Amino acid sequence: MLQVHEIRDNKEEFITALAKRGLDAKAVLEKVLAADEVRRNTQAKLDETLAQANTLSKEIGMLFKSGATDKANALKEKSSTLKENSKQLQDQLNAAVSRLEELLYTLPNIPHSSVPAGTDETDNEEVFTEGTIPELQKDALPHWELAKKYALIDFELGVKITGAGFPVYKGKGARLQRALIAYFLDKNTSAGYTEYQVPHLVNEASGFGTGQLPDKEGQMYHITADDLYLIPTAEVPVTNMFRGDLLMHNELPIRCTGYTPCFRREAGSYGAHVRGLNRLHQFDKVEIVRIEHPDNSYAALDGMVEHVKQILRELELPYRILKLCGGDLGFTSALTYDFEVFSTAQDRWLEISSVSNFETFQANRLKLRFKDTDGSNKLVHTLNGSALALPRVLAGILENYQTPEGIRIPEVLVPYCGFDMIS
RNA sequence: GGAGGAAUGGCAGAGUGGUCGAAUGCGGCAGUCUUGAAAACUGUUGAGGGUCACACCUCCGGGGGUUCGAAUCCCUCUUCCUCCGCCA
């Protein structure tokens, strides 16, 4: 959520910046400022009334003490009138605040100055690429065929017990999943991230805190009986651990990692691009989250990018990094780098990680602040990224490491798997 | 599931109707001392709104009520603790 006083001070800059997202925000921003004006005026009136009531109460107290009961009782009547007034004003104020908040909820984050303009993924900027795309044998298979051939994943079984998009991993497929999770967590913890195991269901307040609610309500599974949501990413529970906190400057930075399954409804997605592991309702992901001093957040973002690079290097997968353009940038993000691994058998790039700096956008909703060295309280910057999302990494490994003899296991994973070949 | 108890500033923890936005300790910040650091000592320090700055307003788990006046009394919800029962 954007901060009203920032909008007040930087209206023109915000309009320009939001235009990068293809958004004409002028009208909304003006509505925000108008609503804020109403809020402040109402607040001032209410404060005035309450101040009078407070003074009166003190007078009445004094009068009672000095024994002037008649005078005191006379003042009581006046006080009850003030009380009625203040109640009305309070209602008006509440209404003004919700109007303002509703408007603010519709506004996405301000893109960082380096974000390229653009309307969709074709305008994303490739900033880095590494690894060699392997030469596969003639009859190379896509991962869903390989998964079947080597009995690693059973999609039909998942359909039977739940529905499409809920695969069953078995045998060496299940073991490879577990190996990847353990490997990722080890990489993250040795890079200074503290490992967490968090709930997979969150309440409404958490959904609001990280920005999934109210605008992406339909993308989460909602357990209506208990009003809880299945997490679409570990970002939600992990970041919300700090909701409402006031941290000390020397507690920063905070670095967390956690493995969770992720649940996404992905309503309306069909076709070839969702085959196999490409797009699922339930998948596994290891996430990294950082809470940073505003001065350090972009250095931290670079650090996260380097960290993910290192992992992909070790896995020896061909990948590229995209800087997302304004039109493709997530609602809450100021700057996002997407990592894509090349799926050789499908001849296309698959997104496996998304690393973002949210600046104060989430922190403002979370009311997550820190006390700076000068004693002032400020919003922190929050960042997160996948390190990494499992299914497409698995797809990449299966496809790129296939040989006529079977699927080789990347060297770094062999100790975790206990085997070096799937055949 | 049954019976009790509790929720206060970044943290710990006093405070039972007006002078309480709230003692004290820790932590933070500034300083003294020190080559420097630590220790010790001194001062300072709750949050949000509002204002050019003051004033002023709100906030003692959430919501509601009693009262001229509520951290304090009542109702309700949530969470935690103790004891009993059940249980992976």
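Residues numbered from 1 in each chain as written. Chains lettered and ligands numbered in written order. Predicted model: local features only at pLDDT ≥ 70, side-chain atom pairs only at ≥ 80, totals over all residues. Heavy atoms only, no water.

(A) Layout of helix α2 (residues 11-19). Turning to α2, its buried residues number three or more, namely Phe14, Ile15, Ala17 and Leu18. Tucked into the core, α2 has its buried residues touching α1 (4-9) and α3 (26-66). (Buried < 20%, exposed > 50% of the residue type's maximum accessible area, 1.4 Å probe, protein only. Helix = DSSP H or I, 4+ residues; strand = E, 2+ residues; numbered from the N terminus. Contact = heavy atoms within 4.5 Å.)

(B) Here's a closer look at the confidence of the model for chain A. Summarising the model, chain A shows a mean pLDDT of 91, and 98% of its residues fall at 70 or more. Both scores are given for the predicted complex: the pTM is 0.92, the ipTM 0.87. (pLDDT = per-residue confidence, 0-100.)

(C) Quick look at the pairing of strand β11 (residues 319-323). Of all five residues in β11, five are buried; the element is thus mostly enclosed. The two faces of β11 match: Tyr319, Ile321 and Lys323 on one face and Arg320 and Leu322 on the other face are all buried. Pairing geometry for strand β1 (residues 125-130) and β11, over five bridges, is antiparallel. The residue bridging Glu126 from the neighbouring strand is Leu322, located in β11. Across five bridges, β11 lies against strand β12 (residues 335-343) in antiparallel orientation. Residue pairing for β12: Leu322 is matched across the bridge by Asp338. (Pairing = 2+ DSSP bridges.)

(D) Geometry of the environment of Pro404. Its location among the elements puts Pro404 in the loop between β17 (402-403) and β18 (406-408). Under the relative-accessibility criterion, Pro404 is labelled exposed at 61%.

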